[in-house]
Amino acid sequence: MTRRILLINGPNLNLLGRREPHIYGPATLADVEALARDQASSLGVELQTFQSNHEGAIVDRIQEAAGWGPRTRSDAAVDHHGAAPLTKPSAIVINPGALTHTSVAIRDALLAVDIPFVEVHVSNVHAREPFRKQSYLSDKAEAIVCGMGVYGYTAAIEFAARYLKTVEPE
């Protein structure tokens, strides 16, 4: 069985490398995705990526991961950003950005699809403004990675791949 990880990035993460580089560093989202693809390949895992600044689009993509939502695998060959055909991932790595602190909809979508997920943040959200300490996802995540810069994506994908080997033995 092919193991797949869906990497979802939320609002403003398309600005990595430009937005507050003193907090988020110089790496761009394209850099992060390229490194993640290489890493996934070396781990024998397929990686799908998705980024949106819109909560509803993220909810749609999470639902589509389970074959539900406004567009399922049979509806079209490519997703909203021209990526490969949708296939059900074994795990989700998600950086919901600011929606971490506000989105019950993303939480509900993740719980509905019953796909294990890892929450990742580039900055240490616990060392920032008080409102950033609240996450609507953390209590349901298999793991949480924060404060490691973009290396956090590497750690999250490594964890997800290892986790999948324990729950989906070959």
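Calculation criteria
Residues numbered from 1 in each chain as written. Predicted model: local features only at pLDDT ≥ 70, side-chain atom pairs only at ≥ 80, totals over all residues. Heavy atoms only, no water. UniProt positions renumbered as here; feature names shortened; annotations may be inferred. Buried < 20%, exposed > 50% of the residue type's maximum accessible area, 1.4 Å probe, protein only. Helix = DSSP H or I, 4+ residues; strand = E, 2+ residues; numbered from the N terminus. Pairing = 2+ DSSP bridges. Right-handed = clockwise from strand over helix to strand, strands pointing away. Axes fitted to C-alpha atoms, helices over the stretch in contact; angles between N-to-C directions. Parallel < 35°, antiparallel > 145°, perpendicular 65-115°, else oblique. Contact = heavy atoms within 4.5 Å. Nonpolar A, V, L, I, M, F, W, Y, C, P; charged D, E, K, R; others polar. Core = buried A, V, L, I, M, F, W, Y, C linked by side-chain atoms within 4.5 Å. 1 Å grid on protein atoms, 1.4 Å probe; cavity = no way out; pocket = protein on both sides within 12 Å on 5 of 7 lines; lining within 4 Å. Points joined across faces, edges and corners; volume = space filled by probe spheres on them. Polar contact = N/O pair within 3.5 Å; in protein donor to acceptor, adjacent residues only side chain to side chain.

By the naming in an unreviewed UniProt entry, the chain is Catabolic 3-dehydroquinase, taken from Corynascus novoguineensis. The annotation that UniProt attaches to the chain under Catalytic activity (unreviewed entry) is "3-dehydroquinate = 3-dehydroshikimate + H2O". According to the UniProt record, the Subunit (unreviewed entry) comment for the chain is "Homododecamer. Adopts a ring-like structure, composed of an arrangement of two hexameric rings stacked on top of one another."

Within strand β4 (residues 117–121), five of the five residues are buried, which leaves the element mostly enclosed by the surrounding structure. With burial as the criterion, each face of β4 is covered, one bearing F117, E119 and H121 and the other bearing V118 and V120. Bridge analysis of strand β3 (residues 91–95) against β4 gives three bridges, and the strand direction is parallel. From the neighbouring strand, I92 faces β4, where its bridge partner is F117. The β-α-β motif built from β3, the intervening helix α4 (residues 104–113) and the parallel element β4 has right-handed crossover chirality. Of the pairings in the sheet, the one linking β4 to strand β5 (residues 143–146) comprises four bridges and is parallel in character. Opposite V120, over in β5, you have V145 as the bridge partner.

Our next topic: unusual backbone geometry. For E20, which is not glycine, the phi torsion reads 40 degrees and is therefore positive. Relative to the helices and strands, E20 is located in the loop between β1 (3–9) and α1 (21–24). When its relative accessible area of 29% is taken as the criterion, E20 is described as partly exposed.

Running from N to C, helix α3 (residues 55–65) and α4 cross one another at 5 degrees; their axes reach a closest spacing of 9 Å. Comparing their axes, α4 and α3 come out roughly parallel. Across the interface between the two elements, E55, I58, V59, I62 and Q63 from α3 touch A105, I106, A109, L110 and V113 from α4. When its residues are assigned to classes, the contact of α3 with α4 shows eight nonpolar, one polar and one charged.

Counting 24 residues, the largest nonpolar core has I5, L16, L47, V93, V118 and Y153 as the members making the most contacts within it. If you list the elements that add at least two residues to this core, you get β1, α2 (29–42), β2 (45–51), β3, β4, β5 and α5 (151–167). Among the elements that line this core, the one with the most residues is α5, at six residues. Every residue in contact with Y153, bar those within four places of it in the chain, is listed here: L7, N9, L13, L16, V32, Q39, N95, V120 and V122. Formed by 19 residues, the second largest nonpolar core is a distinct cluster that contains L6, I106, L110 and V113.

What follows is about the layout of surface pockets. A volume near 180 Å³ is recorded for the largest pocket. A per-class count over the lining of the largest pocket returns six nonpolar, seven polar and three charged.

The next subject is the environment of H101. Mapped onto the secondary structure, H101 falls in the loop between β3 and α4. Those residues in contact with H101 that lie beyond four places of it in its chain are F131, R132, Q134 and Y136. Separated by 2.8 Å, the side chain of H101 and the backbone oxygen of Q134 make a polar contact.

UniProt annotation of "binding site: substrate" (unreviewed entry) refers to N95, H101, D108, V122, S123 and R132 when read in the numbering used here. Lining of the largest pocket among the annotated residues: N95, H101, V122, S123 and R132. Summarising the element assignment, S123 is placed in the loop between β4 and β5. Accessibility expressed as a relative area gives 8% for S123, which makes it buried. With residues up to four places along the chain from it excluded, the contact list for S123 reads I23, Y24, R128, C146 and G147. Here R132 shows up in the loop between β4 and β5. Residues contacting R132, with those up to four places away along its chain left out, are R19, H101 and V125.

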